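Fold and contact review
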Amino acid sequence: MGMSERQRPHVVVNMAMTADGKVDTMARRGARISSEADGRRVDRLRAQMDAVMVGARTLLAEDPRLTVRSAELVAERQRLGRPAQPTRVAVVSVLPNSGPASLGRFLRGTPARVIVFTTERTTPEGRRRFVEGGADVVVAGSERVDLAVALEHLAGLGVDRLLVEGGGTLVEALLRGRLVDEVQLYVAPMIVGGIDAPTPAEGDGFTIEAATRLALVDVTRGDEGGVLLRYVVDRGPHAREEQTR
Ligand SMILES: NC(=O)c1ccc[n+]([C@@H]2O[C@H](COP(=O)([O-])OP(=O)(O)OC[C@H]3O[C@@H](n4cnc5c(N)ncnc54)[C@H](OP(=O)(O)O)[C@@H]3O)[C@@H](O)[C@H]2O)c1
């Protein structure tokens, strides 16, 4: 165990995609791809988590709730002495000086701790607006949010399990940093097409040698024709060496 080994939460990525591998339509307004039954599965997944994270463009496109909806699951968390809701987390390079427009659900929805990671590019005014909006604002990084630092910060706050709900730009960056432990992909029985429609992993992508290798843990077929694929990230002996270097 080298000195550089960071403490971070166990990271689970969950996304819903179409049979043609898109996580939204080309309109990028957060189209609903998941089914009702899959929504309940995601609710159970969230209920196991200490925090739930999204990227900036998902935040703006969807103003997501990221909450546990089921009253029974909320009650179960409380019985176990956990906060009723997981902490809501967003990763935003620059917080606008004009403040959080239309983020009512993310910032002020069901009460929960809200953390926004940003960079030195955000002005004090931008920070102030989001703090007034109810978020803890944490600066981590200069150009883009330093995700390893952000995850370390979350671990320091007691976040042991983190769910990442996209988008693909954030997911690719986390994969690049080898910061992902599990991937759950719901495949909906539909095709939306569109060369500009987003996918589960965006960014620059990887060479085939550097591709993230996955080990399939489970396949579940839903009544509605959807399929849930559950993977763990397959680190292998080489990857493990690299990770602790
Ligand atoms: N079906 C699903 O499960 C699902 C889930 C989530 C989202 N979506 C869809 O996906 C689309 C949004 O995804 P997206 O890929 O465009 O964006 P995203 O991953 O939600 O957000 C990416 C943005 O986060 C900011 N960021 C800051 N630090 C970063 C870092 N270290 N690494 C990566 N990003 C960082 C960047 O903003 P700057 O560019 O300003 O630096 C970046 O553009 C929407 O259409 C949404 O509806 C679908």
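Presented here is a report on the structure given in the accompanying data block.

Conventions and cut-offs
Residues numbered from 1 in each chain as written. Predicted model: local features only at pLDDT ≥ 70, side-chain atom pairs only at ≥ 80, totals over all residues. Heavy atoms only, no water. Buried < 20%, exposed > 50% of the residue type's maximum accessible area, 1.4 Å probe, protein only. Helix = DSSP H or I, 4+ residues; strand = E, 2+ residues; numbered from the N terminus. Pairing = 2+ DSSP bridges. Contact = heavy atoms within 4.5 Å. Salt bridge = Lys/Arg side-chain N within 4 Å of Asp/Glu carboxyl O. Axes fitted to C-alpha atoms, helices over the stretch in contact; angles between N-to-C directions.

For strand S2 (residues 51-55), a buried count of five out of five residues is recorded, marking the element as mostly surrounded by other parts of the structure. Every second residue of S2 is oriented toward a common face, with Ala51, Met53 and Gly55 on one face and Val52 and Val54 on the other, all of them buried. As judged from the five bridges shared by S2 and strand S3 (residues 87-91), these two strands associate in the parallel manner. Looking at S3, one finds that valine 54 is bridged to alanine 90. Strand direction decides the pairing type here: S2 and strand S6 (residues 161-164), joined by three bridges, are parallel. For valine 52, the partnering residue across the bridge sits in S6 and is leucine 163.

Once that is clear, we can look at the side chain of threonine 58. Relative to the elements of secondary structure, threonine 58 occurs in helix H2 (residues 56-62). Residue threonine 58 is classed as buried on the basis of its relative accessible area of 13%. With near-sequence residues (within four places) excluded, threonine 58 lies in contact with Asp63, Pro64, Gly166 and Gly167.

If you walk through the whole model with that rule in mind, you get twelve salt bridges. Between glutamate 76 and arginine 79 there is a salt bridge, and its shortest N-O distance comes to 2.4 Å. You can see glutamate 76 and its partner arginine 79 sitting in helix H3 (residues 71-79), three residues apart, about one turn around the helix. By relative accessible area, glutamate 76 is classed as partly exposed at 32%. The salt bridge involving glutamate 172 is made with arginine 176; its shortest N-O contact spans 2.6 Å.

This part covers the sheet that holds strand S7 (residues 182-188). Across the sheet, which stays open at both edges, the nine strands sit in the order S5-S4-S3-S2-S6-S1-S7-S9-S8 with mixed pairing between neighbours. Of all the strands in the sheet, just strand S5 (136-139) and strand S8 (214-221) have a single pairing partner and so form its edges. Ignoring strand direction, the axes of neighbouring strands in this sheet form an average angle of 20 degrees. By the bridge criterion, four bridges tie strand S4 (residues 114-118) to S5 in an arrangement that is parallel. Bridge pairing in S5 links phenylalanine 117 to valine 138. Against the sheet, helix H6 (residues 147-156) engages strand S1 (10-18), S2, S3, S4, S5 and S6, with an angle of about 155 degrees to S4.

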